[in-house]
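Secondary and tertiary structure notes
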Amino acid sequence: METKNWIGGESVLIQDQGQIVYSPSNLSEEVGVIHYSERSHVFQAEEAAKQAFRTWSKLTGVTRASYLYQMANVLEKNQTELATLACREMGKPITEMMGEVTRAIHLLRYYAAEGVRSDGELIPASDVNVLQYSKRVPLGVVGVITPWNFPVAIPIWKIAPALICGNTVIWKPADNAALTASKMMEFFSEVNLPEGVLNLVIGKGSVIGVVLLEEVDFQAVSFTGSTSTGTHVASICAKRNIKYQTEMGGKNAAVVLNDANLEITIPIILSGAYRSAGQKCTATSRIIVEEGIYPRFVERLREAVSGLKAVHALEPTAYLGPVASKSQFETVSHYVNLAHKEAEIIAEGTIKSDNDGYFIHPLLVTGVQTDHSLVQEEIFGPVSVLLQAANFDEAIQLSNETIYGLSASVFTNDLSKAHRFLEEAQAGMVRVNQETAGVEYQAPFGGMKHSSSHTREQGQAALSFYTTVKTCAIKHTF
Ligand code: NAD
């Protein structure tokens, strides 16, 4: 397949040479061709989205909802095809990719239902003849800039609330999730959304992303990606007075206390750290273990990590596949080399021998100071670092010793310690006896510190981002 832009309801094939995409699971397997937009496509999309806003914003919530329900149905009908393409394009194991599309379907239905819910409040006025109320109103044209690691769910958790609130959208996906984005738009074309309501512009962040951010008359930008790009996006939006949200990186800790049940804890930590080859913003990358349980824990986790095998992402039993791209492979390999030089390797998983892709041996390491880059920097690969804590106080302190604040977990049966961790962990999402990853779509999602610009996505929180509040007052004159 070849990527197409979608502008004003029409697919647009870009007339460049294109770039062939090979599957990260098998570098001789061709998946498709990406075509990169020119500046002019951005402005065509802007014009289409602006025109569409005039009518889309005036439709009732019921009507807008009917489109979102249809979008959900279309994804459901094409779930396997979309999940398979994404799995081949960016290497997420097929079972997880199917789950991700399910999440997108649920998100579309969840936000469709918002079309008939209250969008304001009645507020008492000091004059009995005045009816005073507040009302959420749409913003206008919204820019949606997404990463590759959740190629279906992240775009939908931005697009669905943006649309139900009455905005129109220009979406720029990461270029190594562009085939999936283009296919999803092809499926959505069946729904016959009014022209220009949802536009797709494919291109590199450093080219098309810059034009979008610096030149398009956006009323809001919702970005997910790395902290370095996100802070840059935030600074431009702030300068242009564009409402923005930037959801960024993480260095999430799982804290294991002396009373943790290892039967339950080990598989959960393994999954949080190594599924999707550690390429989730909420993946566990630091494992902090209280002294008393440390030897038993290490033994059990060593065995579990040694048993992991990275395989082609399409294998139905794949637990983890490759990392997503050459640049991901190079970045993660840098940390792996560093670990081999400067850390103590506790366990190393394997790679299926006939694979020729961007595979990394799952790795569990220890023996570095807490200021070491393996402990402080987001690796975004199947590498996790084990730290020992003398007691619960030190475990909390280590958990918070990072510039990031996305997600954190504690494993304990002690209710008061669980409560204290929930209170003191500096993270936007804090969980007890659960993975750092896996927050549900109906709950607010986002981070503290350098993981976010402090708004929240998903759940009801998204509705605040994609609207502004108008306060209205009517005086009876009879
Ligand atoms: P990235 O920052 O490289 O790119 C994200 C998006 O920004 C892409 O679409 C890219 O093309 C675009 N972009 C890049 N430079 C740009 C620029 N100058 N102007 C405008 N747009 C630009 O991130 P990535 O590698 O695609 O994704 C991985 C990162 O995303 C990790 O750091 C991960 O933690 C983070 N992430 C965060 C969350 C969250 O909700 N907090 C969720 C998923 C991923």
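Report follows, based on the coordinates. (Residues numbered from 1 in each chain as written. Predicted model: local features only at pLDDT ≥ 70, side-chain atom pairs only at ≥ 80, totals over all residues. Heavy atoms only, no water.)

**Some words on helix α8 (residues 227-240)**
Just so we agree on the cut-off: Helix numbers and strand numbers start at the N terminus; a helix is a DSSP run of H or I with at least 4 residues, a strand a run of E with at least 2. By definition here, a helix of n residues has an expected span of 1.5 Å times n minus one. Buried means the residue's accessible area, taken with a 1.4 Å probe over protein chains only, is under 20% of the maximum for its type, while exposed means over 50%, and partly exposed covers the values in between. Note on definitions: a residue-residue contact is assigned when non-hydrogen atoms from the two residues lie within 4.5 Å.
The terminal C-alpha atoms of α8, which comprises 14 residues, lie 20 Å apart, in line with the 20 Å expected from a rise of 1.5 Å per residue. Along α8, the residues classified as buried are Thr-227, Gly-230, Val-233, Ala-234, Ile-236 and Cys-237. Those residues of α8 that are buried are in contact with α7 (205-215), β10 (220-224), β11 (243-247) and β19 (404-405).

**Focus: unusual backbone geometry**
At Asn-241, a residue that is not glycine, the phi angle is positive and equals roughly 55 degrees. The residue Asn-241 is located in the loop between α8 and β11 in this model. The phi torsion at Asn-433 lies on the positive side, around 55 degrees, for a residue other than glycine. Relative to the elements of secondary structure, Asn-433 occurs in the loop between β21 (429-432) and β22 (448-449).

**Looking at the packing of helix α2 (residues 61-77) against helix α5 (residues 153-164)**
Packed helices, taken two at a time, are described by the angle between their axes plus the distance between the axes. What counts, and what does not: The convention used is that axes are lines fitted to C-alpha atoms, helices contributing only their stretch in contact, and that angles between N-to-C directions extend from 0 to 180 degrees. Oblique is the label for any angle not covered by the other classes, which are roughly parallel (under 35 degrees), roughly antiparallel (over 145) and roughly perpendicular (65 to 115). For this classification, Asp, Glu, Lys and Arg are treated as charged, while Ala, Val, Leu, Ile, Met, Phe, Trp, Tyr, Cys and Pro are nonpolar and the rest, including Gly, are polar.
Between α2 and α5, the least distance of the axes is 9 Å, while the angle of their chain directions is 155 degrees. Taken together, the axis directions place α2 and α5 in an arrangement best described as roughly antiparallel. Where α2 approaches α5, its residues Gly-61, Arg-64, Ala-65, Leu-68 and Met-71 are matched on the opposing element by Ala-160, Leu-163 and Ile-164. Its residues assigned to classes, the contact of α2 with α5 shows six nonpolar, one polar and one charged.

**Focus: the sheet that holds strand β5 (residues 120-122)**
To keep things clear, this is the line we draw: Any two strands are treated as partners once DSSP identifies two or more bridges connecting them.
Judged by pairing direction, the sheet is antiparallel, and its three strands sit side by side in the order β5-β6-β23 without closing on themselves. Unpaired on one side and paired on the other, β5 and β23 (467-475) mark the two borders of the sheet. Strand-to-strand twist in this sheet, taken as the mean axis angle between neighbours without regard to direction, amounts to 15 degrees. In the sheet, strand β6 (residues 130-138) pairs with β23 via nine bridges, with the strands oriented antiparallel. When the sheet's bridge partners are listed, Gln-132 is paired in β23 with Ala-473.

**Thoughts on the sheet that holds strand β18 (residues 383-389)**
The strand order across the open sheet formed by seven strands is β15-β17-β18-β13-β12-β20-β21, and the pairing between neighbours is mixed. Unpaired on one side and paired on the other, β15 (344-348) and β21 mark the two borders of the sheet. Direction aside, the axes of adjacent strands within the sheet are offset by 20 degrees on average. Note: strand β13 (residues 284-290) against β18, five bridges, orientation parallel. Within β18, the residue paired with Glu-290 across the bridge is Ala-389. Along the sheet, helix α9 (residues 262-274) contacts β12 (252-256), β13, β17 (363-366), β18 and β20 (407-411); its crossing angle with β12, the most-contacted strand, is approximately 170 degrees.

**Section: the site of the ligand**
Filter applied, for reference: We call a residue near a molecule or strand as soon as one heavy atom of that residue lies within 4 Å of the molecule or strand. Throughout this description, a polar contact denotes any pair of N or O atoms lying within 3.5 Å of each other; where both atoms belong to protein, one of them has to be capable of donating a hydrogen while the other can accept it, and for residues adjacent in sequence the pair is counted only when both atoms sit in side chains. The Shrake-Rupley method, run with a 1.4 Å probe, gives the accessible areas here. Residue values count only the displayed protein chains as cover.
Close to the ligand lie 27 residues, the nearest being Thr-146, Lys-172, Ser-226, Met-248 and Glu-378. At a separation of 2.8 Å, an oxygen atom of the ligand approaches a polar side-chain atom of Lys-172. In the environment of the ligand, an oxygen atom lies 2.8 Å from a nitrogen or oxygen atom belonging to the side chain of Thr-229. In isolation the ligand exposes 850 Å². Once the protein is present, 88% of that is buried. Broken down by secondary-structure element, the contributors of at least two residues to the shell around the ligand are α7, β10 and α8. Take the shell around the ligand: its biggest share by element is four residues, from α7. Partitioned by chemical class, the residues of the shell around the ligand number 14 nonpolar, 10 polar and three charged.

**Things to note about the pairing of β20**
We count it as follows: For the handedness criterion, the strands are oriented away from the viewer, and a crossover whose path from the first strand over the helix to the second runs clockwise is classed as right-handed.
Taking burial as the measure, the five residues of β20 include five buried ones, the bulk of the element. Sheet topology note: the β20/β21 ladder contains four bridges and is parallel. What sits directly across from Ser-407, in β21, is Met-429. As a crossover connection, the stretch from β20 through helix α14 (residues 415-424) into β21 is right-handed.

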